[in-house]
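Given next are the chains, with one letter for each unit.
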Amino acid sequence: MDAAGINRLLLVVLYHNDEVRSRVQREIARQWHLGDDFVASDGDVKDNVIPDRVDVLFLEDKVGALAHGPATAERRQLQLGERLAPFQQEGRVIAAICETEWDPNRKYPTPEEKMKAEAEDGKWPSKAALARLEIGSQYIKQAPPPVPTVKKNGEPCKPYFIERETKARESGLANSTENAVRDLFRGLGVIDHRLGTAFGKLPLPDYWHIGIHIRRHAQPRQYGQRNTKPAPLTIVLTAIRPVGGVTEPWSAWAYSHITARWEPYRKTRLAVHSADLGLDVSSFPTIGDESHQASAAAQITEAALLAARTQLPHAAPMVIYVNGDTSEPTWAGLRDENLGQQPPADLPRPASWLPGHGLPRTQRPLAVVRTITDIERIGRPTGGYVWGKNGKWERTKTTESPFQLVSDDGSSYLPDFLLTTVPRPWAAGPPGRFGAEYSRFAPEAAQRQGKNGYAHTAVRLTVIHTAGNADADLIGKGGIVLINQGVSWDGRQTEPSPSRLAKQIDTDHPYYRRSSKEPEAPIAVPDPANT
């Protein structure tokens, strides 16, 4: 919490279902070792749940600020502001776990009713309202219906079925509650020592690891009309750094075009979530065949990296992580044919070659790490060869090991890495699972087309060193560690943690891939009697 810039935290649990309240209370007691007798009263702050650092407050949502309905974000902001005003104090950060009603199996009689339900979903406007109040939030779903004990035909269910489904239901609820608490602290920028411990025997260098997330939006337009306005863009940068050794936490900062400066991760996240998503890039000048999006991304990134020298709390070398699949249209130096080459003379601007290339030479990053997850570009791994105890190379069907590219003559390693991953459904499956011996298109698979087939996924990391003193081998191995060890997720990621944290600011936005326009009037559902 010190590394995240949080002195004291008030964790508010907003609920309207007693089951959710008791489940979150048990999880808080379990994670923070408070004992089975931990109880917090409604409406009264439970002080010093973590001594001198964290207080807990349970509040029932009596005014319906979280409920589904036509209430706008502004209306919900007033309701939540009045409800939480008595608990706001100078120097206290407030974060909320909020209950949301969600039934994945719900059926709608008509398309109009489904559209009305989606338009009146209370999660998104209430999340935006909390962000405008500078309150971070994480939502948790209600429990699904109990396991049925009787079949549809009236026959009783078998005991083993009831036992198995009840166990799966309870396990799913426990995991979702645990992840909700984890993700709440991830949104606050709290990163503990496990990220540094994951480096193991590797040196833990004092670098700023900076991840860049870029997403081009779809351009909305009326049917039958052409829209020549360039599509909006979202760009977020996140910088993380160990504050000490492997047993110390990490500091997280972020930059967005909305804030236009580096601030603690929590503050940038709230600023982004309280505003409309997407930057109008039409005002950014272009050179040659450069797109407005590429021009905006290159110039904003260059400004952010230049500001990092003075606005980040500690002066340290920078390592940049970018997704090659989405960033190659912006930076020509990331493309396969340009790796290791010098920028061409007709480059629109120095910033369009690599992130940070337009900075003075002494201020440029140590290296740019390009990650690729497109399996068509990588080639799907099908196993590996390991050096067995018998002194011979042995073929394996699966592998989760990192690999490094070797020069053609085998005399040296190149700064190009491949990290292969076995999906969880594969690893959890029984022996003989579909996909272990042959693909879906093999003749032997004719009788198993109805089953899920699983195969390896992979991430390729290419280190492009931009400074003569960069240790490309160490930087590449460090990138693999930051993929393998997440901040709040207990599994392997598809991008390094700095890139994942930057991406989460975008994907956690209340109106990510949905409209932020409030309906002028409730959507009317036609009377079935008149249809």
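Residues numbered from 1 in each chain as written. Predicted model: local features only at pLDDT ≥ 70, side-chain atom pairs only at ≥ 80, totals over all residues. Heavy atoms only, no water.

Focus: the side chain of S295
So, point 1. Within the secondary structure layout, S295 lies in helix α8 (residues 292–311).
So, point 2. The exposure class of S295 is buried, given its relative accessible area of 0%.
So, point 3. Excluding its chain neighbours within four sequence positions, the residues that come into contact with S295 are F284, P285, T286, E290 and R349. (Helix = DSSP H or I, 4+ residues; strand = E, 2+ residues; numbered from the N terminus. Buried < 20%, exposed > 50% of the residue type's maximum accessible area, 1.4 Å probe, protein only. Contact = heavy atoms within 4.5 Å.)

A closer look at the nonpolar core
One broad trend across soluble globular proteins is that nonpolar side chains are buried collectively.
So, point 1. Membership of the largest hydrophobic core comes to 37 residues, with the highest contact counts inside it found for W208, I210, L237, W262 and I320.
So, point 2. Elements represented by at least two residues in this core include exactly β6 (208–216), β7 (233–242), β8 (250–256), α8 and β10 (318–323).
So, point 3. Excluding residues within four positions of it along the chain, L237 makes contact with I210, G211, I212, W253, A254, Y255, W262, T301, A304, L305 and A502.
So, point 4. Counting 35 residues, the second largest nonpolar core, distinct from the first, contains A252, A254, F417 and A502. (Core = buried A, V, L, I, M, F, W, Y, C linked by side-chain atoms within 4.5 Å.)

Some words on helix α1 (residues 18–31)
So, point 1. An ideal rise of 1.5 Å per residue puts 20 Å on 14 residues; α1 measures up with 20 Å between its terminal C-alpha atoms.
So, point 2. Packing partners of the buried residues in α1 comprise β1 (8–15), β3 (54–60), β4 (92–100), β5 (136–141) and α5 (159–187).
So, point 3. The opening residue of α1, the one whose side-chain oxygen lies 2.8 Å from the backbone nitrogen of E19, is N17.
So, point 4. Two residues or fewer past α1, H33 is found with a positive phi of approximately 55 degrees. (Expected span 1.5 Å × (residues − 1). Polar contact = N/O pair within 3.5 Å; in protein donor to acceptor, adjacent residues only side chain to side chain.)

Overview of the pairing of β5
So, point 1. Burial of β5 is extensive: five of the six residues sit out of reach of the surface.
So, point 2. Strand direction decides the pairing type here: β4 and β5, joined by six bridges, are parallel. Paired with E99 across the strands is I140, a residue of β5. (Pairing = 2+ DSSP bridges.)

Regarding the packing of aromatic side chains
So, point 1. Tallied over the entire structure, the rule returns three aromatic pairs.
So, point 2. Considering the side-chain rings of W32 and F185, the 6.0 Å spacing of their centres and the 85 degrees angle between planes classify their relative orientation as edge-to-face. On the criterion of sequence distance, the pair formed by W32 in the loop between α1 and β2 (46–50) and F185 in helix α5 is long-range, its members being 153 residues apart.
So, point 3. Between F199 and W250 the ring centres are 6.4 Å apart and the planes differ by 25 degrees, which places this aromatic pair in the stacked class. A residue pair is termed long-range when its members are at least 10 positions apart, and F199 in the loop between α6 (194–197) and β6 and W250 in strand β8 qualify at 51 residues.
So, point 4. Taking the relative accessible area as the measure of exposure, W250 reaches 0% and is therefore buried.
So, point 5. Between the NZ or CZ atom of R21 and the centre of the ring of F58, over which it lies, the distance is 4.4 Å.
So, point 6. Note that R241 overlies the ring of W208, its terminal NZ or CZ placed 5.8 Å from the centroid. (Phe/Tyr/Trp six-rings, centres within 6.5 Å; stacked < 30°, edge-to-face > 60°. Lys NZ or Arg CZ within 6 Å of the ring centre and 35° of its normal.)

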